[in-house]
Amino acid sequence: MPIQRLKGTQDILPETAEYWQDAEAIIRKTCREFGYEEIRTPIFELTELFVRGVGETTDIVNKEMYTFTDKGGNSLTLRPEGTASVCRAYVEDKLYGQVQQPVKLYYMGAMFRHEKPQAGRFRQFHQFGVEVLGADKPVVDAEVIHLAWEIYRRLGLTGLEVHLNSVGCPHCRALHKQKLQEFLAPRLGALCKDCQERFERNPLRILDCKQPSCREATADAPAITEYLCEDCRSHAERLQELLAAAGIPYSINPRLVRGLDYYRKTAFEIMVEEIGAQSAICGGGRYDGLVEEIGGPPTPAIGFAMGLERVLAALRVQEKLSPRADRPFAVVVTLGERATGLGFQTVSRLRQAGIPVSMDLLGRSLKSQLKAADRNQIRVALILGDEELDRGVMVVRDLILGEQSEVSQDEIVRLMEEQYGKYQKDVR
Ligand code: HAM
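So, here is what we can say about the structure in this document.

## So, the overall build of the protein chain
In step 1: Counting its secondary structure elements, the protein chain contains 15 helices and 16 strands.
In step 2: For the protein chain, whose C-alpha radius of gyration is 28 Å, the value lies well above the compact-globule estimate of 22 Å for 428 residues.
In step 3: Overall, the protein chain is about 95 × 55 × 45 Å in size when its C-alpha atoms are taken along their principal axes.
In step 4: By the burial criterion, 50% of the 428 residues in the protein chain qualify as buried.
In step 5: If you sum the accessible surface of the protein chain, you get close to 21,800 Å²; carbon and sulfur atoms cover 50% of it.
In step 6: Distance between charge centroids for the protein chain: 2 Å, based on 56 positive and 61 negative side chains.

Below, the structure is given as structure tokens:
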């Protein structure tokens, strides 16, 4: 039996990787334009970072982490998300002392969660995320949401919904937690097993449970928004004004409770219904206490992450994926071993001149080499057999127009530079 890939992982094959590259290029360009710089952190960290960062009561830490002991006896974990690592780097590399403040970072890479795989949910998935550290004003929250929105606009996605909530701060959350527990206590029997466990430690999460019985039991539960302190309330209101001013449509969802413990004040998700049950393509919020929690100075911060598999799925269902234009312009078609030598030399000279060119690597017949060129939408074939070799020429065939002529081998690079230059002007 051949070895197979693990459940919940994917091979991103070339035809799809091309679309990933295009989406990633748009994301990177938009980040740079918004003044965000890339950070690359390790794929594994000490387990304690995620336990302290993501939170002991979360599903991620309790059930989903890929944790192992290394040969030195350390407990390590494959990163389930990027925020905790970015905060660790912010503290460890003293980014809080940097001249440019706030610190605006973005990252892209693989994350690992041992979840039940289903459409849109993987065990290895890829996130693009941003984190802004060192700024507490609502305008920062607005900028971060605007960045996500602008990326989706440039990618061509439509029909997105921003769901917005405030989950308060430890101050206002304490009172809400008490009211919520009072409300839930007589209804405990109606809740699912997970929510019964959440009752003591993290009752807010019960509001986010997707089980119909829990939804029903909590339909009239007190919402956190009714208990916000003055600071949290005015922050939320100002953010809404700013989003409205930027023309970003949002809806308030008082039940939106994110699956990570570090959020304070703003929490948001961006949904696209067409991709199925796992419709959140982006999730984020403010996490003003996290940097301090992991040993750094008090630092307000906010960020988000989007699941790139889901972004690509949305692009696919909305038919926004277009094939690449930058295929090889020319192909050197060689017939026989003798021609391969000069053919290979010609290919290398053309590549040095910056002309995208390919060559047959299988020793195929003229007919099948031309057929392959046609399939790959190549514009020009440079044909070289024994006869051309002896006469010091090559046949130049325009595969679109079907015209052909003979050109001296010494002239070929100059001619191709001319034709490729013209072609590039035309396609622009
Ligand atoms: P999260 O909501 O856990 O937040 O993940 C963010 C996004 O990653 C989700 O909205 C989804 O698109 C994608 N995602 C999560 N799990 C999976 C999975 N198993 N398979 C496929 N896609 C998935 C965070 O990770 C926070 N670190 C976001 C953040 C940054 N908050 C502040 N800064």
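## Overview of the packing of aromatic side chains
In step 1: Summed over all chains, the structure comprises nine aromatic pairs.
In step 2: Measuring from ring centre to ring centre gives 5.5 Å for Y262 and Y287, while their planes differ by 55°; the resulting arrangement is tilted. Of the two residues, Y262 sits in the loop between β8 (250-252) and β9 (266-271) while Y287 sits in the loop between β10 (280-286) and α10 (290-293), which places them 25 residues apart along the sequence.
In step 3: Its relative accessible area of 7% is what places Y262 among the buried residues.
In step 4: By way of ring pairs, the aromatic residues Y106, F128, F268 and F304 are connected into one cluster.
In step 5: The ring of F183 is capped by R187, whose NZ or CZ atom sits 3.8 Å from the centre of that ring.

## Looking at the packing of helix α6 (residues 170-184) against helix α7 (residues 193-201)
Two measures define how a pair of helices packs: the angle their axes make with one another and the distance between the axes.
In step 1: α7 packs onto α6 with a crossing angle of 140° between their chain directions and a minimal axis gap of 10 Å. Relative to α7, the element α6 lies oblique. Read as a crossing pair, α6 and α7 show a hand that is left-handed. Taking contact as the criterion, the partners of K177, Q181 and L184 in α6 are, on α7, F199, E200 and R201.

## Describing the sheet that holds β10
In step 1: One open sheet accounts for eight strands, arranged β1-β5-β6-β11-β10-β9-β7-β8; its pairing is mixed. Of all strands in the sheet, those with a lone pairing partner are β1 (37-38) and β8, marking the two edges.
In step 2: Two strands pair when backbone bridges link them, and β9 and β10 are joined in this way by five bridges, in the antiparallel orientation. Residue pairing in the sheet places M271 in a bridge with A280 of β10.
In step 3: Taken strand by strand, helix α4 (residues 83-92) contacts β5 (103-112) and β6 (124-133), and its axis lies near 45° from that of β6.

## Let's talk about the pattern of salt bridges
In step 1: Under the criterion given, the structure shown has 34 salt bridges.
In step 2: Among the salt bridges present, the one from E115 reaches R121, with a minimum N-O distance of 3.4 Å.
In step 3: Residue E115 is classed as buried on the basis of its relative accessible area, which comes to 17%.
In step 4: The residue R286 makes a salt bridge to D288 at a minimum N-O spacing of 2.8 Å.
In step 5: Judged by relative accessible area, which is 0%, R286 ranks as buried.
In step 6: The exposure class assigned to D288 is buried, which follows from its relative accessible area of 17%.
In step 7: The network of salt bridges with shared partners includes D59, K63, D194, R198, R205, D208 and K210.

## Things to note about the site of the ligand
In step 1: Surrounding the ligand, one finds 26 residues, the nearest of these being E81, E115, E131, R258 and Y263.
In step 2: One of the side-chain nitrogen or oxygen atoms of T83 is found 2.8 Å away from a nitrogen atom of the ligand.
In step 3: A distance of 2.8 Å is found between a nitrogen atom of the ligand and a side-chain nitrogen or oxygen belonging to E131.
In step 4: Those elements giving two or more residues to the shell around the ligand turn out to be β6, β10 and β11 (301-307).
In step 5: If one sorts the elements of the shell around the ligand by residue count, β10 sits on top with six residues.
In step 6: For the shell around the ligand, a count of residues per class yields eleven nonpolar, eight polar and seven charged.

## Examining helix α2 (residues 47-54)
An α-helical turn contains 3.6 residues, so any two residues separated by three or four positions project in the same direction.
In step 1: Residues T47, L49, F50, G53 and V54 constitute the buried set of α2. Taken end-on, α2 shows its buried residues confined to a sector of 160°, consistent with a single buried face.
In step 2: Its buried side turned inward, α2 meets β2 (44-46), α3 (59-64), β3 (66-69), β4 (75-78), α4 and α10.
In step 3: Phi turns positive, to about 115°, at G55, one or two residues after α2.

## So, helix α15 (residues 412-427)
In step 1: Here α15 is 16 residues long and its end C-alpha atoms lie 22 Å apart, about the 22 Å a rise of 1.5 Å per residue gives.
In step 2: Those residues of α15 lying buried are I412, V413, L415, M416 and Y420. Projection of α15 onto a plane perpendicular to its axis shows the buried side chains occupying an angular sector of 155°, all on one side. Along α15, exposed side chains directed more than 90 degrees from the buried face belong to K422 and K425.
In step 3: Turning to α15, the residues buried within the fold contact β12 (330-334), α12 (337-352), β14 (380-384), β15 (393-398) and β16 (404-408).

Cut-offs and rules
- Residues numbered from 1 in each chain as written.
- Predicted model: local features only at pLDDT ≥ 70, side-chain atom pairs only at ≥ 80, totals over all residues.
- Heavy atoms only, no water.
- Helix = DSSP H or I, 4+ residues; strand = E, 2+ residues; numbered from the N terminus.
- Rg over C-alpha atoms; globule rule 2.2 N^0.38 Å.
- Buried < 20%, exposed > 50% of the residue type's maximum accessible area, 1.4 Å probe, protein only.
- Areas by Shrake-Rupley, 256 points an atom, 1.4 Å probe, with all protein chains shown as cover.
- Lys, Arg positive; Asp, Glu negative; His and termini not counted.
- Charge placed at Lys NZ, Arg CZ, Asp CG, Glu CD.
- Phe/Tyr/Trp six-rings, centres within 6.5 Å; stacked < 30°, edge-to-face > 60°.
- Lys NZ or Arg CZ within 6 Å of the ring centre and 35° of its normal.
- Axes fitted to C-alpha atoms, helices over the stretch in contact; angles between N-to-C directions.
- Parallel < 35°, antiparallel > 145°, perpendicular 65-115°, else oblique.
- Left-handed = near helix turned anticlockwise from the far one by under 90°.
- Contact = heavy atoms within 4.5 Å.
- Pairing = 2+ DSSP bridges.
- Salt bridge = Lys/Arg side-chain N within 4 Å of Asp/Glu carboxyl O.
- Near = heavy atom within 4 Å.
- Polar contact = N/O pair within 3.5 Å; in protein donor to acceptor, adjacent residues only side chain to side chain.
- Nonpolar A, V, L, I, M, F, W, Y, C, P; charged D, E, K, R; others polar.
- Arc of directions from axis to C-beta.
- Expected span 1.5 Å × (residues − 1).

Note that all results are geometric; they support no functional claim without further evidence.
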